[in-house]
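# A closer look at the structure
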Amino acid sequence: MAVRVTSSSFPPSDLDLNGYHHRPVLPPHKAAQNALHVTMESALIPSSDADEQFRRLFSRLRALRPSDRPSFKTELNLLFDQLISENSSSSFTNENIRQEEVCALLVHASRLVPHSQEHLVIKLCQLIHQLLNQLQVIVDEQTLDTLVSYCTRALRTCSLWTHAEILLALSSLVYGNGPRCQQYLPELLGQNGILLNYSDSCQTDIELCRSAVHCMANLCLGVPGHSYFEEPHKQICYTIFMQTLQSPKPPGVEEISFCTLLQSALKGMQYFLNGEKWRASPDQDLGCLLAVLKKFMFYGLPGINVEMPRVLYPAPLPQYETIPAAKTDPAQDMPVQRKTPAVCQEVCFCSGGKGEGPAGHPRLSAHLAPPLQPGVRTQFCPQWKKSSSDSDFSDPEGGMQSKLRLYHARVRQGALHCFLAVVKCVEKKVLYGYWSSFIPNAPGIGSPPSLTLLNIALKDPSPKARAGSLQVLSALLEGSRQFLSVAEDTGAPRQAFTPFSATLAASIRELHRCLLLALLAESSSQTLTQVIKCFAHLVSNAPYNRLKPGLLIPLWKQIRPYVRHRDVNVRVSSLTLLGALVSAQAPLPEVRLFLQQPGSAHGPPASGGSTPQGPHPPGWRHPGHGEPAVPGSGTEGTPEAPCWLLQLCVALVTQPREEPHSDSDAASSGSLEPSPVRLEALQVLAHLVKGYFPLAQACLLELGQLSARCLREQDPSVQLHGAKLLEELGTGIIQQYRTDASPSDQVVQFWSEVLTGPLIGALQNEQHLTLQTSACDTLSSVLPQAFSQLPVSDKTQVLCITVLLGLTYSENSLVKAAAVRALGVYILFPCLREDVMFVADTANAILTALDDRSPNVRAKAAWSLGNLTDTLIVNMEAVGLDFQEDISDMLLLKMLLSATQASADKDRVKSNAVRALGNLLHFLQPAHLSKPAFALPLQHAMRALTDTVRGDATMKVRWNACYALGNAFRNPGLPLGAASWSEEAYSALSSAVTSCRNFKVRIKSAAALSVPASRERYGDTRQFAEVWSTLARALEHSGDTEDFLEYRYCTSLRSQLCHALLHLMTLCLSRDLPALAASLGSQSAPALRGFLVSYLGDGTLTPRHVVGDEDVAGQTETGNGLEVLGRALSRLKDGAFVGTVILFNTHRS
């Protein structure tokens, strides 16, 4: 008879995360001695001979045949002992043992062991568990079916004492194989299912319950985002996990055993939540789940005994939580002596709430703290937080209390991992209702602080638990910009009530305060990285422009020293936070002020509480040559010195390091920073240039040289970031000098050096397509004025244009799209747009790209075609007929046909295609229109525009189509009014001006209806009357809208409609008067005349009006509006308007 060994028989080092032992259950007496002897011998076997040893044992096992002889059972028992012992000695690895051999061995062994031999069944189950876990074997379909069937039959036939080991083997088999175990789900999870019975809350054997829950958890593991469970089985698993977590500890059960049960249930809930998005139902209440998770997030935490409500409700304020006084535990109250890291020696608190912080430590103040003696440092860090390992416990009573604390910490870690899965599967807008239950608010005076994630980050002795809480907080903060944008505390405080905006602002301030405390107190590098990453998420989403200043400067001062931390991940995350600071709602006055402060050349300043004073502690490295120190009050330097952050990032990219930063850095002294640090420094530079270009402008040439150096390196990532920095520099130069007729010599020199440097080589680097794309974007950011002043001798302009034209024929869609877009930028340059050859070459390249199969390429090509046609209009007005005659008729026809075809494409392409159509129809001259080749394309183009105005495209596309029709109406050579398409065009615009729900589209359609400069272009009397009545009806109902946001454009719409009506009145003939008189004499006449009087009484015609016979955009004509009306009425000969004239004269008097 085999001896059953429980998990408590082994020391803690032999237990896995769920409390299951790794060592095999040894048989009694002789078998155990033989197994021990085999284990000692196997330790001497080299790992290279492990496969030989495994095959020898497998051959012996395969040679056995089922038999009732006692020798057969003995030999099989010894073989199992030897295989288990070999596996325990770790001589078997997945590198020298093939998975097929393991599967074949287990299948053959299952055929040798009948269910009646229960001690051999136990040995086989142990072998299955250890081989699958040790070798990480993925069993095939046949092996899985054979072994799962064997285990399920064993659970039905074998004695109860064997079931725990059988369930352990079954859990190893189904781990990650849940989708392939569908046929066994009814037997395991159905009515009276095996796992269902053993995991019931009435189960008295805690080990059986734990094994069943663990097996159920492994069944839930699958591909994230894809659940394979059917609804009954899914609900059963969720219910079992929740019942296990909500049930109290049974009497007489050891705390460690109960902890392992909780770990299995939490792991199962995590796997369940990873399966698919959360769907609320009566049986799956989010409030109940969050209450359970919050309870176990603080499970076993020293000094806290949480009595959590069973349900959490969405509320703007935290719910009542009872924290009774904890009983004195000598083991927990025993002070733990740890080494104190230097970063925790000195404290600098940010401005924030009052009273005690979440860590339970009183806020230090100048008048309460005793005066510091020279050389004495303030001890702030809690003693239990000065370790970076879960196993680093010092317990004078023995190892049991340390083991218990370790298991409590694992429960808290499991709850946090489960909470992270909740954050990922539940919509953020739903979770924001529970914000106050997990995110700290301003600490109240005289009331205990609510338990939040920051309490764990500050108080939990386990670094992994602290890191887990910060991961959850980061996930909550990520993408929360819209929610946090409500926060505001810049106004005067209200006494009667506290608005939600002020509550949210206080929460942001408390987050800053607590995270700063965690930053000061943390000693674990892994957890410190999470603190800084969490800060970066907060900074990226908080609305600092709506908050009182003072939050960011303390953070600046505290984060600066961590750039010199020995751990690479800490340095990278610190740079990420610096990048978030300079990119958050840039430019912020608070950030600009700190960036403008000069740096010091003599090391860290006196300000900045966490900055070590005197010699650098072991966790920090000395700053490299040329690396500036953090600025502060009383530092030396001149205001004209370059920005200290810019100097810091340049030093990190270019300066060699003098010493290794950590044990993981194997490079010798004098090498550059690791690649992640350099790349992050380049990103910070790009953010700094984008948000605070005036501060970086003084180092423009140096930054250009830095980018050129990066482009010359071999690392593609460094090259790419160098090109991105160049692009941001070019964009900043354009924004700075856009209105200047002549740029500075520095800008011209900058682009001259860049375009004659390695950038052209990057454009031709076909091995790095992403770099080619970024280089094209960099070329498109050249300042037009600087491009025109480039030296002609080096032919830089010709080289740039030639390379871009060549890249439009690249096989890579990203490169082609970037090159086409760059040509669309260059076609607007004043020095290039009058070059007919360049215009023709660019047009041919764009038309070729417009037929590309990639939607992105076609969208960029349509945008560039719109820019090219804008250039045609500009040249037509500036140069005149000479330019129009130089453009080939065939090229114009090709552009007209391609734009018409593109107007039927996706909305991304269509919006710019219709813009190009309007420009082309405006550009065509009578010499073109008289040719038969243009007749049919002209009709198709006008029909495409009218169909787009009437269609269901996006409002941007319809707005562009209305603009294009108005643009086409400006061409006096078009047969507007006489052609068959005229009526369709007016009908489409009339429909848009009355029925479109978007007021911007209505405004643009009314503007298009007021473009024709002569009466004949409006068609016959019926057509003219329809346009008039449409505009009058649109003016009468101009306030009707279902969308309140559109109402802000109501005034502009009425102004444009009044202008269009007045324009028609100036053009109408005597035959048109009856129709106009009918509208003025109808019931709507008072409202119509009221709008006109109000419009004319302002004395300004906006936004588009007629001066003489020309339509002028973007101008205003001041003067007496009634005189305009007088000129309009002077052309009317019918007496029906006498009353109107009298009315306006009365209004004038």
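Summarised in this report is the structure supplied together with it. As the structure is a prediction and not an experimental result, all values here were calculated from the model.

A few words now on unusual backbone geometry. In most cases, non-glycine residues show a negative phi, while peptide bonds are predominantly trans. Cis geometry marks the peptide bond from A586 to P587; its omega dihedral reads -5°. Structurally, P587 can be placed in the loop between α24 (568-583) and α25 (589-596). Even without being a glycine, N192 presents a positive backbone phi close to 60°. With respect to the helices and strands, the residue N192 is situated in the loop between α8 (185-189) and α9 (194-198). For N192, a relative accessible area of 54% puts it in the exposed group. Non-glycine residue Q585 carries a positive phi angle of around 45°. You can see Q585 is positioned in the loop between α24 and α25. Q585 gets classed as partly exposed once you look at its relative accessible area, which sits at 26%.

This part takes up the environment of G966. Looking at the secondary structure, you find G966 in helix α45 (residues 955-969). The exposure class of G966 is buried, given its relative accessible area of 3%. In this structure, the C-alpha to C-alpha distance between G966 and V1011, residues 45 residues apart in sequence, is 6.2 Å. Residues within four places of G966 in sequence aside, it is in contact with A1008 and V1011.

With that out of the way, let us pick up a nonpolar patch on the surface. A surface patch of nonpolar side chains, about 390 Å² in accessible area, is lined by F1044, L1045 and Y1047. Judged by its relative accessible area of 42%, Y1047 is partly exposed.

Let us look at the pattern of salt bridges. Taken as a whole and assessed by the stated rule, the structure comprises 21 salt bridges. The salt bridge involving K429 is made with E427; its shortest N-O contact spans 3.7 Å. On the basis of relative accessible area, K429 is assigned to the exposed category, the value being 66%. Between E1026 and R1022 there is a salt bridge, and its shortest N-O distance comes to 3.0 Å. With E1026 and R1022 both in helix α48 (residues 1021-1036), this residue pair falls four residues apart, about one helical turn. Of the residues examined, E1026 reaches a relative accessible area of 37% and is grouped as partly exposed.

Take the packing of helix α13 (residues 286-297) against helix α15 (residues 399-425) next. Axis separation between α13 and α15 bottoms out at 8 Å; the angle between their running directions is 150°. In terms of axis orientation, α13 runs roughly antiparallel to α15. Helix-helix and strand crossings are classified by hand; for α13 and α15 the assignment is left-handed. Where α13 abuts α15, its residues L286, L289, L290, L293, F296 and M297 lie against V411, R412, A415, L416, C418, F419 and V422. For the contact of α13 with α15, the residue count by class is 12 nonpolar, no polar and one charged.

Rules behind the numbers
Residues numbered from 1 in each chain as written. Predicted model: local features only at pLDDT ≥ 70, side-chain atom pairs only at ≥ 80, totals over all residues. Heavy atoms only, no water. Helix = DSSP H or I, 4+ residues; strand = E, 2+ residues; numbered from the N terminus. Buried < 20%, exposed > 50% of the residue type's maximum accessible area, 1.4 Å probe, protein only. Contact = heavy atoms within 4.5 Å. Patch = residues over 30% accessible without salt bridge, like charges linked within 9 Å, V, L, I, M, F, W, Y side chains within 5 Å. Areas by Shrake-Rupley, 256 points an atom, 1.4 Å probe, with all protein chains shown as cover. Salt bridge = Lys/Arg side-chain N within 4 Å of Asp/Glu carboxyl O. Axes fitted to C-alpha atoms, helices over the stretch in contact; angles between N-to-C directions. Parallel < 35°, antiparallel > 145°, perpendicular 65-115°, else oblique. Left-handed = near helix turned anticlockwise from the far one by under 90°. Nonpolar A, V, L, I, M, F, W, Y, C, P; charged D, E, K, R; others polar.

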